[in-house]
Amino acid sequence: MYNTADLQETVDEIARVLGASATLEDRSFRLLAYGAQHGDIDTVRQESILRRRASRQVRDYFEGFGIATADGPVRIPASPEVRARVCWPLRHREVTYGYLWLLDSGELADAVLQKAAPLVARAAAQLAQEARSRQDLGRDLLALLSSDPEERASASIELRGPVAAIAVRESSERVAELWTLPRGVLTRAGSPVAVLAPAHLAGEVAQTLQAAYGTAAGLGGPRPDPSEAWQSWREARQALRIAEHFPRFTPIARWEDLGVHRLLARLGQADLRELAGESAALDAELARTVEIYLDLGGHAQKAAAELGVHRQTLYYRLGKAERLLHRDLADGDDRLVVHLALKAAHLAL
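How each quantity is defined
- As a convention, each chain's residues are numbered from 1 in the sequence order in which they are written.
- The model is predicted, so local features are restricted to residues of pLDDT at least 70 and side-chain atom pairs to those at 80 or more, both for listing and for counting; the totals for chains, interfaces and linings are taken over all residues.
- Calculated side-chain values reflect all of the structure's heavy atoms, with hydrogen atoms and water omitted.
- In this description a helix means any DSSP run of H or I spanning at least four residues, a strand means any run of E spanning at least two, and both kinds are numbered starting from the N terminus.
- Note that the radius of gyration is over C-alpha atoms, with the globule rule given as 2.2 Å times the number of residues to the power 0.38.
- Exposed residues in this analysis have more than 50% of their type's maximum accessible area, buried residues have under 20%, and partly exposed residues fall in between, with area computed by a 1.4 Å probe over protein chains only.
- Working rule for contacts: check all heavy atoms of both residues, and any pair within 4.5 Å makes them a contact.
- Strands qualify as paired when DSSP identifies two bridges or more between them.
- Note on definitions: angles span 0 to 180 degrees between N-to-C directions of axes, and those axes are lines fitted to C-alpha atoms, for helices only across the stretch in contact.

**Observations concerning the overall build of the chain**
Phase 1 of the analysis: Within the chain, the secondary structure is distributed over 14 helices and ten strands.
Phase 2 of the analysis: Relative to a compact globule of 349 residues, whose C-alpha radius of gyration would be 20 Å, the chain shows 28 Å and is clearly more extended.
Phase 3 of the analysis: Out of the 349 residues belonging to the chain, those deemed buried represent 46%.
Phase 4 of the analysis: For the chain, long-range pairs separated by at least 24 residues make up 60% of all intrachain contacts whose partners lie at least 6 apart in sequence.

Have a look at this one:
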């Protein structure tokens, strides 16, 4: 995470050199540091400081001035709601890592701004270094979550337990701001996104990421020893798999809540196909009928209502399914085989 002490020192020095109110935000407009305020501040500045982040409306407004790609200071004129200010993109090697904001009372001429150029470069370098550190942590995270003991031994991350892993499916239409997650949460982009969080934060983090991507997430069980985090990661990926195939567990599947689906999630494709073959004789309508009937514990009235059919129609379909499968749904063993076969069919490719 960001070294806020160093950033705060840099921002304080910029505010002193320029005699202007200064704030520093990352590229998602999350407040990282702010200097002593000189004169009056507007609502935007006040809200940014109090809430530690600018609103989406404010972000859209300022990004409309091209600040994300600008190579130098961008002057933003005053409006009824916003005081005039200067946005100085914090760029390092042609990458924007954040923004320095300066309220402008008319005294920040170009020559004056240049007095702070070395400090701005320092702030940009600090943010770039933090970004590289997070990338290194991401690589170490994958090693820590590997099932290979030798790879896990190569990880240089020091963590305190208990921890829990989260697997989130990426979206082609949305991008989650992984760097804004709480301190102590480690992430690595991929398919799925790998996340390791303190166990007490894992549920909240899973909800945040699932909402950001709009897809599905799996939450592994907690592990008191971080060296066992790879087991939680395996559970998280398997839970994600269940969430993506069984609507009842969406949008976030918790490993501890999956019941018998945990067994199915552990099976390989060959085993799943073999098990699913027990129900292969059924067409889609019969398969759905039998699955709902068994899901409801063999309660005919509830199953008929769920399917929207008359009870006699249900009995007809069940009888036809029994003849095709050569199974008796009144027999416990037969019922178990058919039920598991129908569940396995959702996961078999």
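**Here we look at the pairing of strand β4 (residues 85-92)**
Phase 1 of the analysis: Of all eight residues in β4, six are buried; the element is thus mostly enclosed.
Phase 2 of the analysis: Two strands pair when backbone bridges link them, and strand β3 (residues 74-76) and β4 are joined in this way by three bridges, in the antiparallel orientation. The partner of R75 across the bridge, within β4, is V86.
Phase 3 of the analysis: Pairing between β4 and strand β5 (residues 95-103): eight bridges, direction antiparallel. Note that in β5 the partner of R91 across the bridge is T96.
Phase 4 of the analysis: Where β4 folds back onto β5 in an antiparallel hairpin, the turn is made up of two residues, including R93, whose phi is positive at roughly 50 degrees.

**A few points about the environment of V74**
Phase 1 of the analysis: If you trace the backbone, V74 turns up in strand β3.
Phase 2 of the analysis: Separated by twelve residues in the primary sequence, V74 and F62 have C-alpha atoms spaced 9.9 Å apart.
Phase 3 of the analysis: Not counting residues up to four positions away in its chain, the partners in contact with V74 are F65, I67, R85, V86 and C87.

**Structural notes on the sheet that holds β3**
Phase 1 of the analysis: Judged by pairing direction, the sheet is antiparallel, and its five strands sit side by side in the order β2-β1-β5-β4-β3 without closing on themselves. Two strands lie at the open edges of the sheet, namely β2 (31-34) and β3, each paired on one side alone. Pairs of neighbouring strands in the sheet enclose a mean axial angle of 25 degrees, with direction left out of account.

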